[in-house]
Amino acid sequence: MTVNNAEQIKTRLMEIYKKMFEHFGPRGWWPGDTDFEICVGAILTQSVSWKNVMKAINSLKASGLLDVSRMYSCSNETLEKHIIPTMYYRMKAKKLKAFAGNIVEKYNGNLRQMLSRPLEELREELLSIYGIGPETADSIILYAAGKPVFVVDAYTRRIFSRLGIFREDVAYDEMQRYFMRHLPHDVQLFNEFHALIAGTGNKYCGNKKPKCSRCPVLQECGFTR
Ligand code: SF4
């Protein structure tokens, strides 16, 4: 089906959302007791499963390092030891230190103050910090700052290209603009939709052998026809 006007696109996106939501229910994202824990999780989850991220977060918590100032002042080697399960741990330790350093140096350690900046300014600032790319920045903005930005990822690209909505090589910004243009800018909707897409991708829409027969959006999907 060719969808060519804004209202039809919105209706189709909301239909996809509804089917995923009916299948999975609320996903309760992003897991984390504090804003800082959410930010740390968003940085550590790059290229690794959430299970491994949780191992690292629990280790940081147990040692008292899940704290802006303590993370900033501890040595890279100490930090590395706690985040080994997240792979690329040397690079990720540097990223965490850069993030914590930005909060200490510019906001006297007050993360909430940084997160309170207007959305565009916050996004620009996050993208200027070492190791923070668009997906990580947007996850922090949506899930820690509670501001309406649509997070997209590799699952979004795979599922929505199979649904016939994007090209397989669509760029991050183009995907994000599409959702932002056609959906109401509602934090709860964006929060849940991204989590549902991740759930669908993780459970059903695998790279090689998608489990289409149980997928909530099978009826919408051109990939299997
Ligand atoms: S029906 Fe299959 S290919 Fe389509 S989104 Fe679901 S799992 Fe992916």
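### Some details on the site of the ligand
Item 1. All residues adjacent to the ligand are Arg162, Tyr204, Cys205, Pro210, Cys212, Cys215, Val217, Leu218, Cys221 and Phe223.
Item 2. In this structure the site holding the ligand corresponds to the largest cavity.
Item 3. A per-class count over the shell around the ligand returns nine nonpolar, no polar and one charged.

### Side note on empty space enclosed by the protein
Item 1. One pass over the full model with this rule turns up one cavity of 30 Å³ or more.
Item 2. Considering only enclosed or pocket space, the largest cavity measures out at about 110 Å³ in volume.
Item 3. Taken together, 13 residues line the largest cavity, and the ones lying closest to its centre are Cys205, Cys212, Cys215, Val217 and Cys221.
Item 4. Here the lining of the largest cavity is composed, by residue class, of eleven nonpolar, no polar and two charged.

### Some details on the pattern of salt bridges
Item 1. The final tally for this structure, using the stated rule, is twelve salt bridges.
Item 2. Put simply, Arg117 and Glu125 hold a salt bridge, and the shortest N to O gap is 2.5 Å.
Item 3. According to the relative accessible area criterion, Glu125 is buried, its value standing at 4%.
Item 4. Where Asp138 meets Arg123, a salt bridge forms, and the shortest distance between an N and an O atom there is 2.7 Å. Highlighted residues: Asp138 in helix H9 (residues 134–144) and Arg123 in helix H8 (residues 119–128), separated in sequence by 15 residues.
Item 5. For Asp138, a relative accessible area of 0% corresponds to the buried category.
Item 6. Bridged by salt links that share partners, the residues Lys106, Arg117, Glu121 and Glu125 form one connected network.

Conventions and cut-offs
- Residues numbered from 1 in each chain as written.
- Predicted model: local features only at pLDDT ≥ 70, side-chain atom pairs only at ≥ 80, totals over all residues.
- Heavy atoms only, no water.
- Near = heavy atom within 4 Å.
- 1 Å grid on protein atoms, 1.4 Å probe; cavity = no way out; pocket = protein on both sides within 12 Å on 5 of 7 lines; lining within 4 Å.
- Sits in = over half its atoms within 2 Å of the grid points.
- Nonpolar A, V, L, I, M, F, W, Y, C, P; charged D, E, K, R; others polar.
- Points joined across faces, edges and corners; volume = space filled by probe spheres on them.
- Salt bridge = Lys/Arg side-chain N within 4 Å of Asp/Glu carboxyl O.
- Buried < 20%, exposed > 50% of the residue type's maximum accessible area, 1.4 Å probe, protein only.
- Helix = DSSP H or I, 4+ residues; strand = E, 2+ residues; numbered from the N terminus.

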